[in-house]
Amino acid sequence: MVMIRSSRPLLLLIALVVGLTSSATATNVTYDGRAIIINGERRLLFGGSIHYPRSTADMWPGLIQKAKEGGLDAIDTYIFWNAHEPRKGEYNFAGNLDFIKFIKIVKEAGLYVVLRIGPYVCAEWNYGGFPVWLHQILGIELRTDNEIFKAEMQNFTTLIVDMVKKENLLASQGGPIILTQIENEYGNFIEKYGAAGKQYMQWCADMAESLDVGVPWIMCQEPDAPAPMINTCNGFYCHKFKPNRPDSPKMWTENWTGWFQAWGEGQPYRPVEDLAYAVAYFFESGGSFQNYYMYHGGTNFGRTSGGPYLMTSYDYDAPLDEYGTSFITYS
């Protein structure tokens, strides 16, 4: 008689070991009314924006290393929908659009990532990051409670989340992504959409939560951000900003180091003393996370610059100039 042993105990043991290994490498990111909490520790975090398509892929390691040497804890980037899906259903993630590679380089440097999916980004980028083909779909209305638009937005957002999950890049998987963002600065326009705008904002929150990323979601410039979204501040000064819920930390997602430049206008400049004062005042007033926008502005290659007559340079008077060079002067 041949005895056949069940493999079920062995499979259960393997599953247990894999589960313990996964939980051991995962980073637990939560928050309370004082700060973002990483593995049980409240953190004061410094971030800086570097947009992967505004530089070349061979520049990324140097930019990120300089950001680390500059004292940053995290790199913040948008995801640019129209660059990745220039035609409906046709995707491009090659070259300087390989955001997965970009995030992995950040991870190798030992820094966190704030992934601002949007997928509307503004960012002085052509059409705010929306693919032009969206505008050509019959019956679509952008950024409101419109089923056609929401289906396209959810499709792209899910694609991006699935891509980072596949590479284990979320903090909940042991990766560097500690925060994710849905929509962008919608509070500047929500009144235009009335009740449909509020319904859309709630849908955004529900859709984002359904993606189960295991890290907090943020909504910048959105005073009515529904729970559990964390609403955040963008601007030159955010010390007076207060979150819309007492259990949300005070976060500054865009501390503008300068400004974008239009043809024929002077080069924007913000004194570093003013920038330092604004940061110190923000933390003194209860802030817990601030992000320099930009830390490296870079270049609007091709026809990516948005707005009327904006230059290809997106230098933004950032700590690292358009070419990735940092200048230190001594008096």
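If you're wondering where the values come from, they're calculated on a predicted model, not measured in any experiment.

Caption draft 1: Molecular detail of the overall build of the protein. For the protein, the count of helices and strands is 8 helices and 11 strands. Taken over the C-alpha trace, the protein has a radius of gyration of 21 Å; the compact-globule value for 331 residues is 20 Å, and the two agree within 12%. Each principal axis of the C-alpha atoms in the protein carries an extent, and together these give about 90 × 55 × 45 Å. Here the protein holds 331 residues, and the buried ones make up 51% of them. Contacts in the protein between residues at least 24 apart in sequence constitute 67% of all its contacts with a sequence separation of at least 6.

Caption draft 2: Summary view of the pairing of strand 10 (residues 250-256). Burial analysis of strand 10 places 7 of its 7 residues in the buried class, the great majority of the element. Sheet analysis places strand 9 (residues 230-235) next to strand 10, joined by 3 bridges and oriented parallel. Bridge pairing in strand 10 links Cys-233 to Trp-252. Bridge count for strand 10 against strand 11 (residues 287-296) is 5 bridges, and the pairing is parallel. Along strand 11, the bridge assignment pairs Trp-256 with Tyr-293. On the question of chirality, the crossover connecting strand 10 to the parallel strand 11 by way of helix 8 (residues 272-284) is right-handed.

Caption draft 3: Structural view of helix 8. Relative to the 18 Å expected for 13 residues at 1.5 Å per residue, helix 8 spans 18 Å between its end C-alpha atoms, a close match to the ideal helical length. Where helix 8 is concerned, the buried positions are Leu-275, Ala-278, Val-279, Phe-282 and Phe-283. Seen from one end, helix 8 has its buried residues packed into an arc of 125°, which puts them on one side. Structural note: helix 8 exposes Glu-273 and Glu-284 on the side pointing more than 90 degrees away from its buried face. As for helix 8, its buried residues are in contact with strand 4 (45-50), strand 10 and strand 11. Positive phi appears at Gly-286, one or two residues downstream of helix 8, with a value of about 100°.

Caption draft 4: Just the packing of aromatic side chains, in detail. Here the structure, examined in full by the defined rule, presents 29 aromatic pairs. Seen in terms of ring centroids, Tyr-52 and Phe-99 are 6.2 Å apart; in terms of plane orientation they differ by 35°. Their pairing is tilted. Of this pair, Tyr-52 sits in the loop between strand 4 and helix 2 (60-69) while Phe-99 sits in helix 4 (residues 99-108), and the two are 47 residues apart along the sequence. With respect to burial, Tyr-52 and Phe-99 carry one shared label: buried. A ring pair is formed by Phe-130 and Phe-149, whose centres lie 5.6 Å apart and whose planes are at 65°; its orientation type is edge-to-face. In this pair, Phe-130 sits in the loop between strand 6 (112-118) and helix 5 (132-135) while Phe-149 sits in helix 6 (residues 147-166), placing the two residues 19 residues apart along the sequence. Here the two residues Phe-130 and Phe-149 agree in accessibility, since each one is buried. In this structure an aromatic cluster arises from ring pairing among Trp-81, Tyr-120, Phe-130, Trp-133, Phe-149, Phe-156, Tyr-186, Tyr-193, Tyr-200 and Trp-203. Positioned above the aromatic ring of Tyr-120, the side-chain terminus of Arg-143 is 3.7 Å from the ring centre.

Caption draft 5: The UniProt feature "domain: Glycoside hydrolase 35 catalytic" (unreviewed entry) in the protein, seen in detail. According to UniProt, the "domain: Glycoside hydrolase 35 catalytic" (unreviewed entry) feature falls on residues 36-325. Helix makes up 28% of residues 36-325 and strand 20%, with an end-to-end C-alpha separation of 31 Å.

Caption draft 6: Focus on the state of the cysteines. If you walk through the whole model with that rule in mind, you get 1 disulfide. Here Cys-233 connects covalently by a disulfide to Cys-238, the sulfurs 2.1 Å from one another. The sign of the S-S torsion, about -75°, decides the handedness of the disulfide formed by Cys-233 and Cys-238: left-handed. Each member of the pair, Cys-233 as well as Cys-238, is classed as buried. Looking at the unpaired Cys-204, the closest cysteine sulfur is the one in Cys-220, lying at 12 Å. Of all cysteine sulfurs in the structure, the one in Cys-233 sits closest to Cys-220, which takes part in no disulfide; the separation is 9.3 Å. The exposure class assigned to Cys-220 is buried, which follows from its relative accessible area of 2%.

Caption draft 7: Quick look at the nonpolar core. Core analysis: the biggest nonpolar cluster contains 92 residues, and Leu-115, Val-164 and Ile-182 have the highest contact counts within it. The leading source of residues in this core is helix 7 (residues 190-210), at 8 residues. For Ile-182, the contacting residues outside a window of four places in its chain are Gly-118, Met-153, Thr-157, Cys-204, Met-207, Ala-208, Trp-217, Ile-218, Met-219 and Met-229.

Caption draft 8: Representation of unusual backbone geometry in the model. Residues Ala-227 and Pro-228 are joined by a peptide bond in cis, for which omega reads 5°. With respect to the secondary-structure elements, Pro-228 resides in the loop between strand 8 (217-220) and strand 9. With an omega of 5°, the peptide bond running from Tyr-293 to Met-294 counts as cis. Mapped onto the fold, Met-294 is located in strand 11. Not every positive phi belongs to a glycine, and Asn-39 is a case in point at roughly 50°. With respect to the helices and strands, Asn-39 occurs in the loop between strand 2 (36-38) and strand 3 (41-43). At Glu-124, a residue that is not glycine, the phi angle is positive and equals roughly 55°. Locating Glu-124 in the fold gives a position in the loop between strand 6 and helix 5. Residue classification places Glu-124 among the buried positions, given a relative accessible area of 14%.

Calculation rules
Residues numbered from 1 in each chain as written. Predicted model: local features only at pLDDT ≥ 70, side-chain atom pairs only at ≥ 80, totals over all residues. Heavy atoms only, no water. Helix = DSSP H or I, 4+ residues; strand = E, 2+ residues; numbered from the N terminus. Rg over C-alpha atoms; globule rule 2.2 N^0.38 Å. Buried < 20%, exposed > 50% of the residue type's maximum accessible area, 1.4 Å probe, protein only. Contact = heavy atoms within 4.5 Å. Pairing = 2+ DSSP bridges. Right-handed = clockwise from strand over helix to strand, strands pointing away. Expected span 1.5 Å × (residues − 1). Arc of directions from axis to C-beta. Phe/Tyr/Trp six-rings, centres within 6.5 Å; stacked < 30°, edge-to-face > 60°. Lys NZ or Arg CZ within 6 Å of the ring centre and 35° of its normal. UniProt positions renumbered as here; feature names shortened; annotations may be inferred. Disulfide = S-S within 2.5 Å. Core = buried A, V, L, I, M, F, W, Y, C linked by side-chain atoms within 4.5 Å.

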